[in-house]
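Single-letter residue listing:
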Amino acid sequence: MTQTTDGALAVNEAAVTTRRRFDPARLLQDQGLIVVVLIFGLVLSLLSPTFLTPTNLMNLLLQASTLGVMALGMTFVIIGAGIDLSVGGIPAIVSVLAVGLVVRGELPVWFALVVAIGVGIVVGLANGFAITKLGIAPLIATLGTLSITIGLAFAYSGGTSIVPVPDFYNLLRRANMFGIPINIIILAVLAVVTHFVLTRTTFGRSLYAVGGNRQAAEMAGIRTNRVILFTYVISAVAASIAGILFTARLASGSPQTGIGIELTVIAAVVIGGTSLFGGRGNVLGTVLGAVLITMVTNAINLLGVPTAWDRVLLGVVIVIAALLDVFRLRIHERWMSRKAS
Amino acid sequence: MKHTAKLLTLGAVAALTLAGCAAGPADGDSNEGSGDLGDVAFLYHTLEFEFMVGIQAGTEECSAELPFSKTTILSAQANSNTQVTQFQDQLAAGAKGIVFSPNVSAELVPAVEAANDAGVPVITVDSLVADGELAGSVTFDNVGGGAVAADFIAEALKDEGKVLELTGPQGAFHAELRHQGFIDQIGTFPGVTVETRDAHFSADEALSITVDVLTDDPDYQAIFVHTDGMLRGVLSALEQLGLTPGEDVIVVGLDGTPEALDLVRDGSVAATVSADPIAMGCEAAQMMAKVLEGGEGSDVLVPATLVTTENVDDAELWGNKPLG
């Protein structure tokens with residue numbers, strides 16, 4: 001069962017199709033990205049003997065997991081026709097607080113975690129408030145909080161990374177279930193939860209409506225401001241979780257944590273087929289988007305491509321993935337109109 | 001439409017099958033050439049300024065003559081997270097040894113430990129790590145570099161005068177050691193006093209600090225900067241203040257970049273201290289080969305060389321060699 005909620009499309013489809021059964025061909029048609037990922041994987045496996053080894057594939061998923069968690073949060077925001085740049089700053093403030101409060105403030109780890117994630121949520125609320133109540137454009141509002149959070153992280157830490165981290169982070173870094181690193185499990189669980197929230201709850205359905213056509217949603221009685229505000233809080237929570245995972249990864253509370261990742265997160269979501277105009281998007285696409293982006297850096301590292309080219313290669317992959325999505329939509333529309341006639 | 005779906009399915013199946021085949025024989029390749037030393041990765045925190053390009057050049061030059069099966073050189077683009085990813089990728093790819101320059105010492109400890117767990121020897125270049133086991137290290141003699149600069153300045157000032165020291169960020173590995181070497185040595189000349197300011201290795205900050213400090217007190221006769229990249233800022237500041245470098249104030253740098261050597265040639269910079277990165281990159285590659293052959297690594301300090309108008313054209317200076 002793939003997603004059925006395609007915003008504007010869903011309205012047409014509802015008339016044509018009843019509830020779909022699992023259908024691999026249909027899945028492929030909905031997720032052209034799977035094909036891109038497979039083809040790219042094929043090319044990589046031919047170029048590098050290491051690529052398909054279980055160690056590397058596990059490593060790849062591990063690296064994709066933090067990006068994936070952030071991208072899941074961002075999916076909500078973008079479906080709601082918003083954008084959240086502050087995810088590039090939230091991990092930094094979360095990281096320095098989560099370690100600093102313990103190392104410098106001598107507070108218990110759990111308390112530092114609660115405060116750090118709480119601060120992340122406050123940033124999300126501030127974004128949502130600025131956008132819905134003050135009417136500031138999402139790009140500008142979150143650009144502001146991006147700068148503020150990074151600035152505060154540097155001010156609090158004094159610009160250096162805070163060490164040594166409490167044992168909790170070393171345990172988190174090494175934690176696994178049946179040999180699967182905990183980060184991958186966290187991503188999997190959050191992906192399932194996100195899918196459920198988007199497709200099976202009133203909030204999820206309202207979100208697609210708000211993102212697809214805000215005025216219509218308003219007239220239908222949806223409290224659009226509340227829905228939008230909530231998407232920024234979700235994105236902030238996801239970025240906060242990522243901040244904790246980054247902290248474990250680098251074993252330091254660093255003000256540089258996650259700096260510059262915001263555009264990569266947005267790229268993962270958009271590659272995954274979520275429309276920047278809102279109203280369309282799904283979880284599987286987002287996770288595949290994160291995996292594809294990670295595959296590019298993995299490829300570069302395995303093949304020893306001169307590093308200056310990695311941005312070029314990533315850009316090319318983004319454009320190809322987006323192009324494929326355009327084709328997919330076109331085919332989809334043609335198919336819809338044929339059925340209708 | 002059905003055709004498209006079928007085609008896509010077929011394509012995917014074909015891709016998976018082919019991928020499966022490719023993995024089979026290729027897996028065995030990791031053992032090829034059992035006599036050699038295996039793959040070695042050189043993970044540098046950045047390759048975006050000349051000093052690091054010099055390390056890369058030295059690495060490439062010497063690796064070519066060593067029995068590694070493959071050498072990979074990557075830049076982390078000054079991002080610790082990227083560098084950890086590169087460690088993980090190289091370990092997954094079965095690298096037998098890793099040489100690296102840490103982006104931030106503390107943040108790379110988990111990466112070094114991961115290599116330790118995998119039994120892969122790690123050697124650092126240019127800097128050290130806070131924790132984890134190293135098979136060896138190759139660093140510039142930063143303390144010696146600071147001391148050489150101090151001796152030159154004290155002699156030029158005839159043991160009397162005021163010096164402005166513009167440092168790298170407080171707590172940064174290179175900045176701390178250069179400062180320590182400089183201050184300790186200058187302390188042996190009681191007539192020379194030093195004012196130290198943190199310019200974060202930035203030319204821009206060096207400019208504004210120099211203007212501010214010398215406007216407040218024009219009595220400074222020498223300026224020492226922790227890295228040659230800051231020289232441009234100091235020279236612009238002196239120009240702004242209407243002071244002539246070399247006459248009113250002597251300027252001394254550290255690194256020995258090609259640009260700094262040109263500035264020494266035209267007389268605007270009195271001296272720089274050369275820290276041979278080409279030798280560092282080479283030394284690290286050779287040490288890794290030795291470790292992989294079963295030998296012991298060590299902690300090597302690459303010595304500092306004073307560069308003045310007298311020896312600025314010496315072909316042995318790294319700043320006079322073509323890079324890459």
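Numbering of residues starts from 1 in each chain and follows the order in which that chain's sequence is written. By the order in which they are written, chains take letters starting at A while ligands take numbers starting at 1. A pLDDT threshold of at least 70 governs which residues receive local features in this predicted model, and a stricter bar of 80 or more applies before side-chain atom pairs are shown or counted, although totals over entire chains, interfaces and linings include all residues.

**Some details on the overall build of chain A**
- In terms of helices and strands, chain A carries 15 helices and 2 strands.
- Here chain A has a C-alpha radius of gyration of 20 Å; the compact-globule value for 341 residues is 20 Å, and the two agree.
- Viewed in the frame of its principal axes, chain A has a C-alpha envelope of about 70 × 55 × 40 Å.
- Across the 341 residues in chain A, those meeting the buried criterion constitute 52%. Helix numbers and strand numbers start at the N terminus; a helix is a DSSP run of H or I with at least 4 residues, a strand a run of E with at least 2. Atoms counted for the radius of gyration: C-alpha only. Globule rule: 2.2 Å times residue count to the power 0.38. Any residue surrounded by 20 or more other C-beta atoms within 10 Å of its C-beta is treated as buried, while 12 or fewer makes it exposed and the intermediate range makes it partly exposed; C-beta atoms here are placed from the backbone.

**Structural notes on the overall build of chain B**
- On a plain count of helices and strands, chain B comes out with 10 helices and 12 strands.
- Note that contacts rest on C-beta atoms placed from the backbone: two residues are in contact if these are within 7 Å. Contacts spanning at least 24 positions in sequence make up 75% of the contacts within chain B whose residues lie at least 6 apart.

**Things to note about helix 10 (residues 277–292) of chain B**
- Expected span of a helix: the number of residues minus one, times 1.5 Å. Taking 1.5 Å of rise per residue, 16 residues should cover 22 Å, and helix 10 of chain B covers 23 Å from first to last C-alpha, within 8% of that figure.
- Positive backbone phi, at 100 degrees, marks Gly 294 of chain B, one or two positions downstream of helix 10 of chain B.

**Side note on the domain arrangement of chain B**
All names here are of chain B.
- Residue ranges assigned to each domain were obtained from an automatic or database domain assignment. When the domains of chain B are assigned, the result is domain 1 (36–140 + 277–302) and domain 2 (142–274).
- Counting from both sides, the interface comprises 7 residues of domain 1 and, opposite them, 7 residues of domain 2.
- In the scheme used here, Gly and all other residues not listed as nonpolar or charged are polar, with Ala, Val, Leu, Ile, Met, Phe, Trp, Tyr, Cys and Pro taken as nonpolar and Asp, Glu, Lys and Arg as charged. Split into classes, the residues belonging to the side of domain 1 that touches domain 2 amount to 4 nonpolar, 2 polar and 1 charged.

**Some words on unusual backbone geometry**
- Across the junction of Val 163 of chain A and Pro 164 of chain A, the peptide omega takes the value -10 degrees, indicating a cis bond.
- Mapped onto the elements, Pro 164 of chain A comes out in the loop between helix 7 (138–157) and helix 8 (167–174).
- Backbone geometry places His 200 of chain B, a non-glycine residue, at a positive phi of 50 degrees.
- Within the secondary structure, His 200 of chain B sits in the loop between strand 7 (192–198) and helix 7 (203–216).
- Judged by the 18 C-beta atoms lying within 10 Å of it, His 200 of chain B falls in the partly exposed class.

**Considering the pairing of strand 8 (residues 222–225) of chain B**
Residue and element names in this part refer to chain B.
- Of the two faces of strand 8, both are covered, the one formed by Ala 222 and Phe 224 as well as the one formed by Ile 223 and Val 225.
- Note on pairing: two strands pair once DSSP finds at least 2 bridges between them. Pairing geometry for strand 6 (residues 161–167) and strand 8, over 4 bridges, is parallel. Bridge pairing in strand 8 places Leu 164 opposite Ile 223.
- Relative to strand 9 (residues 250–255), strand 8 is paired through 3 bridges, and the arrangement is parallel. Residue pairing across strands places Phe 224 opposite Val 252, the latter belonging to strand 9.
- Place the viewer so that the strands point away; then a crossover is right-handed whenever the path from the first strand over the helix to the second strand goes clockwise. Note on the crossover from strand 8 through helix 8 (residues 231–241) to strand 9: the handedness is right-handed.

**Focus: the environment of Gly 319 of chain B**
All names here are of chain B.
- For Gly 319, the position within the fold is in the segment after strand 12 (305–307).
- Residue classification places Gly 319 among the buried positions, given that 26 C-beta atoms sit within 10 Å.
- Linking Gly 319 and Ala 260, residues 59 residues apart in sequence, is a C-alpha distance of 8.2 Å.
- The residues contacting Gly 319, other than those within four sequence positions of it, are Gly 256, Thr 257, Pro 258, Ala 260, Leu 261 and Ser 274.

**Here's the deal with the sheet that holds strand 4 (residues 122–125) of chain B**
All names here are of chain B.
- With parallel pairing, 6 strands are arranged side by side in an open sheet as 2-1-3-4-5-11. One side of each edge strand has no neighbouring strand; the edge strands of this open sheet are strand 2 (70–75) and strand 11 (299–302). Ignoring which end each strand starts from, the neighbouring axes of this sheet average 15 degrees apart.
- As judged from the 6 bridges shared by strand 1 (residues 39–44) and strand 2, these two strands associate in the parallel manner. Residue pairing for strand 2: Asp 39 is matched across the bridge by Lys 70. Axis definition: a line fitted to C-alpha atoms, limited for helices to the stretch in contact. Angles are taken between N-to-C directions and run from 0 to 180 degrees.

**Observations regarding the packing of helix 7 of chain B against helix 8 of chain B**
Residue and element names in this part refer to chain B.
- At a minimum axis distance of 7 Å, the contact between helix 7 and helix 8 shows a crossing angle of 35 degrees. Taken as a pair, helix 7 and helix 8 cross one another with a handedness that is right-handed. Seen from helix 7, the contacting residues are Ala 203, Asp 204, Ala 206, Leu 207, Thr 210, Val 211, Leu 214 and Thr 215; seen from helix 8, they are Arg 232, Gly 233, Val 234, Ser 236, Ala 237, Gln 240 and Leu 241.
- For the contact of helix 7 with helix 8, a count of residues per class yields 8 nonpolar, 5 polar and 2 charged. Crossing handedness is read from the near helix: turned anticlockwise from the far helix by less than a right angle, it gives a left-handed crossing, and turned clockwise, a right-handed one.

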